[in-house]
Amino acid sequence: MLYSNLNINEKGHLTIGGLDAEDLAAEFGTPLYFMDEEMLRVNCRTYVDAMHRYFGPEAAPLYASKALCFKGVYPVIESEGMYADVVSPGEIYTALAAGFPAEKLFFHGTNKTDEDIRYGVSSGVGCFVVDNANELRSLERIAGELGTKQKILLRLTVGLDPHTLEAINTGRVDSQFGVPIDTGQADGFVREALACENVEVAGFHSHVGSQIFESDSFNRQVEILAEYAAKLRDETGFVIRELNIGGGLGVRYTEQDPLLDIPERIAEIAAHLKTTCERLGLDIPRVFMEPGRSIVANAGVTLYTTGGTKEVRGYRNYVTVDGGMTDNPRYALYKSEYTVLNASRMNDAADYECTIAGRCCESGDRIAEYVRIAEPERGDIIAVLTTGAYNYSMASNYNRVPRPAMVMLSGGKARLVVRRESFEDIIKNEI
Ligand SMILES: *Cc1c(COP(=O)(O)O)cnc(C)c1O
């Protein structure tokens, strides 16, 4: 099986972290998001340990909140020694409501409004990742009004294409994120920031994309950033103290995906940064990384109840589930592949080729196409693996489908961490 926390019990049911998927569905209802806290912790530790070992004790991973943002995630990542990045006031609010320290938050976002900026500064957010000159000017003014000096990183684009999906590829020159080095525009941006009185430039940020498996893009990224830092030092005397190289390490959704050795990859990036810095006579900066997907994806499983099968003769078989694009829009958005199991019949041959369709009135509402599972009967529990990232955080109420509940497995027990939305929740803001 794809992960070590999955197994089959004597009833032929899927177990996740030792718990029977059918029992979970019966107790909490479906669709149900399941999170394995232990796997989440192991993923955090992998980053924290490898970053300390290869980049030094000051280095730290930031958890990219957008992958999965709810109160219950923050105590876990904090106790594992992680910082967090947030991309909106809503994410800041959630982290603070969970008791996460504001000074460990890095505030991203390509269009922070003045209101957002004021909220971030007055909440005591540790670092702003400033996307552009408009934001810089507002931040300079607002920090001044509030009588603080805000620590910032400047978001630069390094012009790399990490050979991944177009829609999640942000590091190229033509992007709405950050300011490009290639076009020369970064020079003006950095100089303007250095001249500000109410912000303190700690260094640079860049994020090249998502679901990246190859090492080239990260190696090239740190090289470009270090070379740019050296150029600036020579021209202005400014030396970066911090370098945030973003997130994006790939995870395994299906058996066909490679299994990335994260510590090995971090060691490689660190070695590359070290040689580059030595060549340029640059002190090695404090390094941050921003993993989101690789922290939460494999810790999550979604359970659905199937409404049964439908054969469109001469074409294909459909298996319907009681959720779909409302709880997981990733197939609709990116044609992302998933591993699907019939959790009720794990000992039967997985030889029924089918398309898993959701419940919305939308032909794109699919979770997977042409997957093979044990032929289900109406009422069977269907498990979709690796749904911890970009599922709950992207969920919607399209067709007025309430968002599912989430349970977290800790210490052998599943506890409810997000209540299932009710119909009243859905209309609660309507006057
Ligand atoms: C999305 C994003 C991340 C996290 O990416 P993953 O692929 O989930 O690791 C990190 N940093 C920034 C700026 C992002 O936009």
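Calculation rules
- Residues numbered from 1 in each chain as written.
- Predicted model: local features only at pLDDT ≥ 70, side-chain atom pairs only at ≥ 80, totals over all residues.
- Heavy atoms only, no water.
- Helix = DSSP H or I, 4+ residues; strand = E, 2+ residues; numbered from the N terminus.
- Rg over C-alpha atoms; globule rule 2.2 N^0.38 Å.
- Buried < 20%, exposed > 50% of the residue type's maximum accessible area, 1.4 Å probe, protein only.
- Contact = heavy atoms within 4.5 Å.
- Lys, Arg positive; Asp, Glu negative; His and termini not counted.
- Charge placed at Lys NZ, Arg CZ, Asp CG, Glu CD.
- Polar contact = N/O pair within 3.5 Å; in protein donor to acceptor, adjacent residues only side chain to side chain.
- Near = heavy atom within 4 Å.
- Areas by Shrake-Rupley, 256 points an atom, 1.4 Å probe, with all protein chains shown as cover.
- Nonpolar A, V, L, I, M, F, W, Y, C, P; charged D, E, K, R; others polar.
- Salt bridge = Lys/Arg side-chain N within 4 Å of Asp/Glu carboxyl O.
- Arc of directions from axis to C-beta.
- Pairing = 2+ DSSP bridges.
- Domains from an automatic or database assignment.
- Buried area = accessible area lost by both parts, 1.4 Å probe.

1. Looking at the overall build of the protein chain
Consideration 1: A count of helices and strands for the protein chain gives twelve helices and 21 strands.
Consideration 2: Expected size for 431 residues packed as a compact globule is a radius of gyration near 22 Å; at 23 Å, the protein chain falls within 12% of this value.
Consideration 3: For the C-alpha atoms alone, the extent of the protein chain along its principal axes is close to 70 × 55 × 45 Å.
Consideration 4: Burial status across the protein chain gives 59% buried among its 431 residues.
Consideration 5: Once local pairs closer than 6 in sequence are excluded, the contacts in the protein chain between residues at least 24 apart make up 69%.
Consideration 6: Where the 43 positive side-chain charges of the protein chain centre and where its 62 negative ones centre are 2 Å apart.

2. Details of the side chain of His207
Consideration 1: Among the structural elements, His207 can be located in the loop between strand E11 (199-205) and helix H8 (216-236).
Consideration 2: A distance of 3.1 Å separates a polar atom in the side chain of His207 from the backbone oxygen of Gly209.
Consideration 3: Among the polar contacts made by the side chain of His207, one reaches the main-chain amide nitrogen of Gly247 at a distance of 3.0 Å.

3. Section: the site of the ligand
Consideration 1: Every one of the 15 residues lining the ligand counts as a neighbour, but Lys66, Ser210, Glu290, Arg293 and Tyr390 are closest to it.
Consideration 2: Take His207: an N or O atom from its side chain is 3.4 Å from a nitrogen atom of the ligand.
Consideration 3: The separation between an oxygen atom of the ligand and a polar main-chain atom of Gly248 is 2.9 Å.
Consideration 4: Considered on its own, the ligand offers 390 Å² of accessible surface; in the complex 93% of this is hidden by protein.
Consideration 5: Tallied by class, residues from the shell around the ligand come to three nonpolar, seven polar and five charged.

4. Focus on the pattern of salt bridges
Side chains that differ in charge, positive against negative, can pair when their charged atoms come close.
Consideration 1: By the definition in use, this model includes 28 salt bridges.
Consideration 2: For Asp187, the salt bridge identified is with Lys231, shortest N-O distance 3.2 Å. Remark: Lys231 occurs in helix H8 and Asp187 occurs in helix H7 (residues 185-194); sequence separation between them is 44 residues.
Consideration 3: With a shortest N-O distance of 3.0 Å, Glu227 and Arg279 are connected by a salt bridge. Taken together, the residues Glu227 in helix H8 and Arg279 in helix H9 (residues 262-280) connect sequence positions 52 residues apart.
Consideration 4: In this structure Arg279 comes out as exposed when scored by relative accessible area, which is 52%.
Consideration 5: It is possible to trace a salt-bridge network through shared partners that takes in Glu37, Glu38, Arg41, Arg45, Glu80 and Arg415.

5. Section: helix H1 (residues 21-28)
Consideration 1: Taken together, the buried positions of H1 are occupied by Ala21, Leu24, Ala25 and Phe28. Buried residues in H1, looked at end-on, bunch into an arc of 100°, giving them a common side. Relative to its buried face, H1 has exposed residues pointing more than 90 degrees away, namely Ala26 and Glu27.
Consideration 2: Measuring from the backbone nitrogen of Glu22 back to the side-chain oxygen at the start of H1 gives 2.7 Å, which picks out Asp20 as the cap.
Consideration 3: Immediately downstream of H1, the backbone of Gly29 shows phi near 85°, a positive value.

6. Description of the sheet that holds strand E2 (residues 14-16)
Consideration 1: Strands sit in the order E1-E2-E3 across an open sheet of three strands; the sheet is antiparallel. The sheet is open, and its two edges are formed by strand E1 (6-8) and strand E3 (19-20), each paired on a single side.
Consideration 2: Sheet topology places E1 next to E2; three bridges connect them, and they run antiparallel. Residue pairing for E2: Leu6 is matched across the bridge by Ile16.

7. Observations regarding the domain arrangement of the protein chain
Consideration 1: As far as domains go, the protein chain holds domain 1 (6-36 + 297-427) and domain 2 (108-291).
Consideration 2: Centre-to-centre, using C-alpha coordinates, domain 1 lies 36 Å away from domain 2.
Consideration 3: With seven residues of domain 1 in contact, the opposing surface of domain 2 contributes eight residues.
Consideration 4: Per-residue buried area on domain 1 facing domain 2 is highest for Tyr334, Glu337 and Thr386; these three make up 55% of the total on that side.

8. A look at the pairing of strand E20 (residues 405-410)
Consideration 1: Across the six residues that make up E20, a large majority, five, are buried.
Consideration 2: Note that strand E4 (residues 32-36) and E20 share five bridges and pair parallel. In the strand pairing of E20, Phe34 is matched with Val407.
Consideration 3: Relative to strand E21 (residues 413-418), E20 runs antiparallel, the two being bridged by five bridges.

9. Describing the pairing of strand E18 (residues 366-373)
Taken residue by residue, a regular strand's side chains alternate between the two faces of the sheet.
Consideration 1: Judged by how many residues are buried, E18 sits mostly within the fold: six of eight residues are covered.
Consideration 2: Bridge analysis of strand E17 (residues 352-357) against E18 gives five bridges, and the strand direction is antiparallel. The residue bridging Cys354 from the neighbouring strand is Val371, located in E18.

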